[in-house]
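Structural overview for review
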Amino acid sequence: MHLDTAQLAALAAVLEQGSFERAALALHVTRSAVSQRVKLLEERVGQVLVRRASPCTPTEAGQALLRHAQQMALSEADALRSIAGSSAGLAPVRLALGVNADSLASWFVDAMARAAEPGEGGAPPITFDIHVEDQDHSSELLRQGRVMAAVTAEPQPVQGCQVVRLGTMRYRALASPAFMARHFAQGVTAAALAQAPVLVFNRKDALQERFMRRIARRALAPPVHWLPSSQGFVAATLAGLGWGMSPEQLAREAIDAGHLVELVPGKPVDVALHWQFWRLNVQALQRMTEAVQQAAATALLP
């Protein structure tokens, strides 16, 4: 079955932009043209590819074709650069990547900067489309075809992907000295943990629950502050709003200064991180993979 490249491009634009209107702007065509191309592609494959919602999302068949369209775009960019012998005048290669918020706040931007540096032999410029997702769930972005690579806690490769281990991100259960005196004067017990306010990044963040189970040996339901910001998380801990699991990298200065202390010294929670990426021989993705490995080797624990 031959698939029309313009129709694939329209499908990819709708799913990447989230709507037919924004896809039309990106492709410099009318909305009706985008709608017609996607409809023709759906008729061609005999399946619905896009869930018409806000934002538009792919069906299972749409995920497969989105991935195919993105791989074609990467391969095409590599081919054009090879033919021209240079990237001059060529559009930047866009890399859609999944990364957890704590990595993004601590070391991943360094990897982006390394990959975006002009390379030898006319390496193409790179732009990034970053999808922030919890490390325990970011591999799902790969399965959906929404990203080409992801930082993930999942060591088993998603179909069509390769995996390299990056290292370990260490989290410590931290609170301000005043918070400790107020809520844990008699020690960090199950009863105290059940009453003390806790900071949780979002509904997918299980680190605090994991720590409490280690201490209490059972599930607890303390008061929760939901705070989806890595820097804000540390700031809220410093302000005494609650205790929480913060990356050692982001909290090191406050720990060394005595502004934050561990609830239970020597009881960190370690999260092994991996880099999963499409098994695709294209220069931009190879550059990003090398940059991620270099930055992680400097920032993460072995």
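Higher on the page you've got the structure.
Numbering of residues starts from 1 in every chain and runs along the sequence as written. In keeping with the model being predicted, local features are shown solely for residues with a pLDDT of at least 70 and side-chain atom pairs are shown and tallied solely at 80 or more, while totals for entire chains, interfaces and linings include all residues. To get the side-chain values, take all heavy atoms of the structure and skip hydrogens and water.

Some remarks on the overall build of the chain
Runs of H or I in DSSP of at least four residues are treated as helices and runs of E of at least two as strands, each being numbered from the N terminus. Scanning the chain from terminus to terminus reveals 12 helices and 11 strands. The C-alpha extent of the chain, read off along each of the three principal axes, is 70 × 45 × 30 Å. The contacts of the chain with a sequence gap of at least 6 include a subset with a gap of at least 24, amounting to 77%. Only the protein chains shown count as cover for residues, and the accessible areas themselves come from Shrake-Rupley with a 1.4 Å probe. Total accessible area on the chain is roughly 14,500 Å²; 52% of this is exposed by carbon and sulfur atoms. Within this scheme the basic residues Lys and Arg register as positive and the acidic residues Asp and Glu register as negative, but His and the chain ends are omitted. A charge is said to be at NZ when it belongs to Lys, at CZ for Arg, at CG for Asp and at CD for Glu. Averaging the positions of the 28 positive and the 26 negative side-chain charges in the chain gives two centres separated by 5 Å. Note on contacts: a residue pair qualifies if any of its non-hydrogen atoms lie within 4.5 Å across the two residues.

Observations regarding unusual backbone geometry
Along the chain, S54 connects to P55 via a cis peptide bond; the corresponding omega equals 5°. In this structure, P55 sits in the loop between β1 (50–51) and β2 (57–58). Even without being a glycine, H28 presents a positive backbone phi close to 60°. Summary of the burial criterion: residues with accessible area below 20% of their type's maximum are buried, those above 50% are exposed, and those between are partly exposed, where the area comes from a 1.4 Å probe applied to protein chains only. Assessed through its relative accessible area of 73%, H28 is described here as exposed. Even without being a glycine, R217 presents a positive backbone phi close to 65°. Checked against the element boundaries, R217 lands in the loop between α9 (207–216) and β8 (224–226). Residue classification places R217 among the exposed positions, given a relative accessible area of 72%.

Points about the packing of aromatic side chains
Pairing of aromatic side chains requires ring centres within 6.5 Å, counting the rings of Phe and Tyr and the six-membered ring of Trp. Pairs whose planes differ by under 30 degrees are stacked, by over 60 edge-to-face, and all others tilted. According to the stated counting rule, one finds four aromatic pairs in the structure shown. Ring geometry for W107 against F108: centres 5.6 Å apart, planes inclined by 70°, an arrangement best described as edge-to-face. In this structure an aromatic cluster arises from ring pairing among W107, F108 and W275. By the criterion adopted, a ring carries a charge over it if an Arg CZ or a Lys NZ lies within 6 Å of its centre and within 35 degrees of its normal. Of note, R203 hangs over the ring of W226, and the distance from its end group to the ring centre comes to 3.8 Å.

Considering the pattern of salt bridges
Pairing between side chains becomes possible if they bear opposite charge and their charged atoms approach one another. Basic side-chain nitrogens of Lys or Arg form a salt bridge, by our definition, when they fall within 4 Å of a carboxyl oxygen of Asp or Glu. Taken as a whole and assessed by the stated rule, the structure comprises 13 salt bridges. Among the salt bridges present, the one from R252 reaches D256, with a minimum N-O distance of 3.0 Å. With R252 and D256 both in helix α11 (residues 248–256), this residue pair falls four residues apart, about one helical turn. In this structure R252 comes out as partly exposed when scored by relative accessible area, which is 32%.

Overview of the side chain of E248
Tracing the chain through its elements places E248 in helix α11. In this view, E248 contacts R170 and R172; residues no more than four positions away in its chain are not counted.

What to know about the environment of L263
Here L263 is to be found in the loop between β10 (261–262) and β11 (269–278). For the pair L263 and M169, spaced 94 residues apart in sequence, the C-alpha to C-alpha distance is 18 Å. Setting aside residues up to four positions removed in sequence, L263 forms contacts with A173, L174, A175, M180, F184, V188, L193, F211 and W243.

A closer look at the side chain of Q276
Relative to the elements of secondary structure, Q276 occurs in strand β11. In this structure Q276 comes out as buried when scored by relative accessible area, which is 0%. Of note is the side chain of Q276, whose polar atom sits 2.9 Å from the backbone oxygen of Q156. Polar contact criterion, stated in full: a pair of N or O atoms within 3.5 Å, where within protein one must be able to donate a hydrogen and the other to accept it, and residues adjacent in sequence count only if both atoms are side-chain atoms. Engagement of the side chain of Q276 in a polar contact is seen with the backbone nitrogen of V158, the distance being 2.8 Å. Excluding anything up to four places from it in sequence, Q276 contacts L142, M148, A149, A150, T152, E154, Q156, P157, V158, C161, Q162 and V163.

A closer look at helix α5 (residues 101–116)
Its axis deflected by about 65° at W107, α5 carries its strongest bend there. For α5, the complete set of buried residues consists of A101, D102, S103, W107, F108, A111, M112 and A115. The bend reported for a residue corresponds to the angle between axes fitted to the seven residues ending at that residue and the seven starting there.

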